[in-house]
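Reading the structure
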Amino acid sequence: MTLLTPDSARQFILDNTALMAPPHVPEIRLHLADEAHDLWQRTEDELAGIGLPPPFWAFAWAGGQGLARYIIDNPALVKGKRVLDFASGSGLVAIAAAKAGAGEVTAADIDPFSGTAVRLNAQANDVMIEFLGDDCIGADGGWDVVLAGDVFYDKPFADRLMPWFCALKQRGADILVGDPGRSYLPRSGLEPLGVYEVPVTRALEDAEVKRTTVWRLA
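Residues numbered from 1 in each chain as written. Predicted model: local features only at pLDDT ≥ 70, side-chain atom pairs only at ≥ 80, totals over all residues. Heavy atoms only, no water.

Here we come to the side chain of lysine 210. The residue lysine 210 is located in strand E9 (residues 209-217) in this model. Excluding its chain neighbours within four sequence positions, the residues that come into contact with lysine 210 are Ala62, Pro180, Tyr196, Glu197, Val198, Val200 and Glu205. (Helix = DSSP H or I, 4+ residues; strand = E, 2+ residues; numbered from the N terminus. Contact = heavy atoms within 4.5 Å.)

What follows covers the pattern of salt bridges. Across all of its chains, the model carries 9 salt bridges by this definition. Between aspartate 159 and lysine 155 there is a salt bridge whose closest N-O contact spans 2.9 Å. A residue pair is termed a helical-turn pair when its members lie 3 or 4 positions apart in one helix, as aspartate 159 and lysine 155 do in helix H7 (residues 155-170) at 4 residues. Take lysine 155: its relative accessible area is 44%, and that puts it in the partly exposed class. Among the charged side chains, a network of salt bridges with common partners joins Glu27, Arg69 and Asp73. (Salt bridge = Lys/Arg side-chain N within 4 Å of Asp/Glu carboxyl O. Buried < 20%, exposed > 50% of the residue type's maximum accessible area, 1.4 Å probe, protein only.)

Here we come to the sheet that holds strand E3 (residues 82-86). On the basis of which strands lie adjacent, the open sheet formed by 7 strands has the order E5-E4-E3-E6-E7-E9-E8 and mixed pairing. Here the strands that pair on one side only, and so sit at the sheet edges, are strand E5 (130-132) and strand E8 (190-199). Strand after strand, the sheet turns through a mean of 20 degrees between neighbouring axes, direction not considered. Two elements, E8 and E9, share 9 bridges in a ladder whose sense is antiparallel. By the bridge assignment for E9, glycine 194 is matched with valine 214. Those strands touched by helix H4 (residues 62-73) are strand E6 (145-149), strand E7 (174-179), E8 and E9, and its axis lies near 110 degrees from that of E8. (Pairing = 2+ DSSP bridges. Axes fitted to C-alpha atoms, helices over the stretch in contact; angles between N-to-C directions.)

Within this structure, the stated rule accounts for 0 disulfides. Between cysteine 166, a cysteine without a disulfide, and cysteine 136, which holds the nearest cysteine sulfur, the sulfur-to-sulfur distance is 16 Å. (Disulfide = S-S within 2.5 Å.)

Turning our eyes to something else, we now look at unusual backbone geometry. Trans is the common state for peptide bonds, and a negative phi is the common state for residues other than glycine. Positive phi values are uncommon outside glycine, yet alanine 87 reaches one of about 55 degrees. Within the secondary structure, alanine 87 sits in the loop between E3 and helix H5 (92-99). Of the residues examined, alanine 87 reaches a relative accessible area of 29% and is grouped as partly exposed. The phi dihedral of aspartate 150 is positive, around 55 degrees, even though this residue is not glycine. Here aspartate 150 shows up in the loop between E6 and H7. A relative accessible area of 10% places aspartate 150 in the buried class.

Right, let's talk about the pairing of E6 for a bit. In regular strands, side chains alternate between the two faces of the sheet. A large share of E6 lies buried, amounting to 5 of its 5 residues. Side-chain alternation along E6 places Val145, Leu147 and Gly149 on one buried face and Val146 and Ala148 on a second face that is also buried. Pairing of E6 with E7, which is carried by 5 bridges, proceeds in the parallel orientation. Each residue of the ladder has a partner; that of leucine 147, found in E7, is leucine 176.

Next comes the structure, spelled out in structure tokens:
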């Protein structure tokens, strides 16, 4: 069996997804998987067998959809600024920032297959996005705005994130988070900016609509 690599994954992504608009952000089109695609049906072990980490990039998660909606509706937050979309996945939030007029957008994700998906999705939306495949927690690339959707699903990860976010905030960066009530969202230090009812897929979530809040680190 030939194992997939990020370089050879382009055709795999095209074959296992369809170009479609996330329901809460119809202005954007992404290569996404749904029930019609074999990728949806495969278990994590089956994916590992072909060399593919869990394909978070193949789905438009609720936190990212809410955050992307907020950015498109409030473009002044990113217009002309240097923006980081952290844990980018499909690149949805990065694409929203680019469409809203950000001066420079970087999508960061440690999954190298995300980079392939982000490039395909950026091309589909006619925007320019840089991809950063390093673990950038603790780094400071001089970003004016840091966007993060659906990042508080794991306690060790959340515990690493908050000191980094606070350090970036202290030096002047604006930190915005989209979250549909994940277990490890901090209970303090966040200011709500907007709330959305985001349609999602019950196979991925515990409901067909997730109440999603966009927060700013206060």
